[in-house]
Structures are given as structure tokens and as C-alpha cells.
Amino acid sequence: MRCVAIIALATLLGCSSGHGTASLSGTVTYKGQPVDGATVILHPKGDETAKPAQGKTDSGGHFTVTTYFGPGEQPAGAMPGEYAVTITKIDEPQGTFDPHKDPPPKNHLPAKYSTPQQSPLTVTIKPGSNRPELKLED
């Protein structure tokens, strides 16, 4: 019984980031369909201390994000605050890619979602659990 308690405590401590991130998992759809393989990035708006968070969608369009604080410090979630959201789905180059000869990889989503300055998507992350639904349109 003591061993179980120690393992449970270690598991709980391992999940604590110490950086104050809040849980974030959501969905991305485009034209009503889930988007597979898209990169979702949250860009902090105005808060100098906030960090970007990033995740990738699965076949159901579901994603979770992590925040990079340093090597070995990438807790799940995002810091509370306001974010501009960018979403791209770019072809992975096959083999060696030469930017001087090969055409640029194609983004399969509208360009307006590719930069924080143009993207109409924003989210507000609050402490606790956050579940945004990001619906993309042409």
C-alpha cells in the first residue's frame, strides 16, 4: 500500500509544471470537416511574460498544446491570457528539399490563418481546463 501511495504522489508531482500552465485541448475543423495534421500555435497578445504554445491535430481534428520553457521543460497546456491563433497544414517535403530549386511546400488551409497579424482566431486561456473549437472558413 505504501508503494502505491508513493507512485501516486510521484505521478501527481510529475504532472505539475511549476509554470502555471492551464490545460488546453480543442478541435480544428475546415468546411465542417476535422483537419488532420495541422499545426496550431498560440501567440501571446501583449503579455511580455507569456510564452507561445503549440500542438498538432490528429485525424479527428483534436489537439493539445505544450509550452516550451527550455530543454526538458515543455509542460502540457498554455499560460493563462489572450492569444492570437495560427493554424497551418503544410506538406512535409519528401526526401531532400532544396529551397532554391524546389517549389515551397503547400499550405492546405487559407493563408489568413498562417500569421498572427492576419488570423481572425483568438482564444482566452483561463486557469483550469480550456476546450476551444476552431472553425476555419475560406
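What counts as what
- Residues numbered from 1 in each chain as written.
- Predicted model: local features only at pLDDT ≥ 70, side-chain atom pairs only at ≥ 80, totals over all residues.
- Heavy atoms only, no water.
- Core = buried A, V, L, I, M, F, W, Y, C linked by side-chain atoms within 4.5 Å.
- Buried < 20%, exposed > 50% of the residue type's maximum accessible area, 1.4 Å probe, protein only.
- Helix = DSSP H or I, 4+ residues; strand = E, 2+ residues; numbered from the N terminus.
- Contact = heavy atoms within 4.5 Å.
- Pairing = 2+ DSSP bridges.

Counting 25 residues, the largest nonpolar core has Leu-42 and Ile-87 as its most contacted members. Sorting the residues of this core by element identifies β1 (23–30), β3 (39–44), β7 (81–88), β8 (122–125) and β10 (133–136) as the ones contributing at least two each. Not counting residues up to four positions away in its chain, the partners in contact with Ile-87 are Val-28, Ala-38, Thr-39, Val-40, Leu-109, Tyr-113, Ser-114, Leu-121, Leu-134 and Leu-136.

Take the sheet that holds strand β6 (residues 66–67) next. The sheet built from five strands is open, its strands ordered β6-β4-β3-β7-β8 with antiparallel pairing. Pairing within the sheet leaves two strands with one partner each, and these edge strands are β6 and β8. Bridging between β3 and strand β4 (residues 53–56) involves four bridges; their strand directions are antiparallel. Bridging from a neighbouring strand, Leu-42 pairs with Ala-53 of β4.

In summary, the side chains of a regular strand alternate between the two faces of the sheet. Bridge count for β1 against strand β9 (residues 129–130) is two bridges, and the pairing is parallel. Bridge pairing in β9 places Ser-23 opposite Ser-129. Inspection of the sheet shows β1 paired to strand β5 (residues 62–64) by three bridges, in the antiparallel sense. Across the sheet, the residue bridging to Ser-25 is Thr-64, located in β5. Direction of pairing for β1 relative to β10: parallel, over a ladder of four bridges. In the sheet register, Thr-27 faces β10, and the bridge partner there is Glu-133. Pairing between β1 and strand β2 (residues 33–34): two bridges, direction antiparallel. Paired with Thr-29 across the strands is Pro-34, a residue of β2.

Read these as spatial facts, not as claims about activity.
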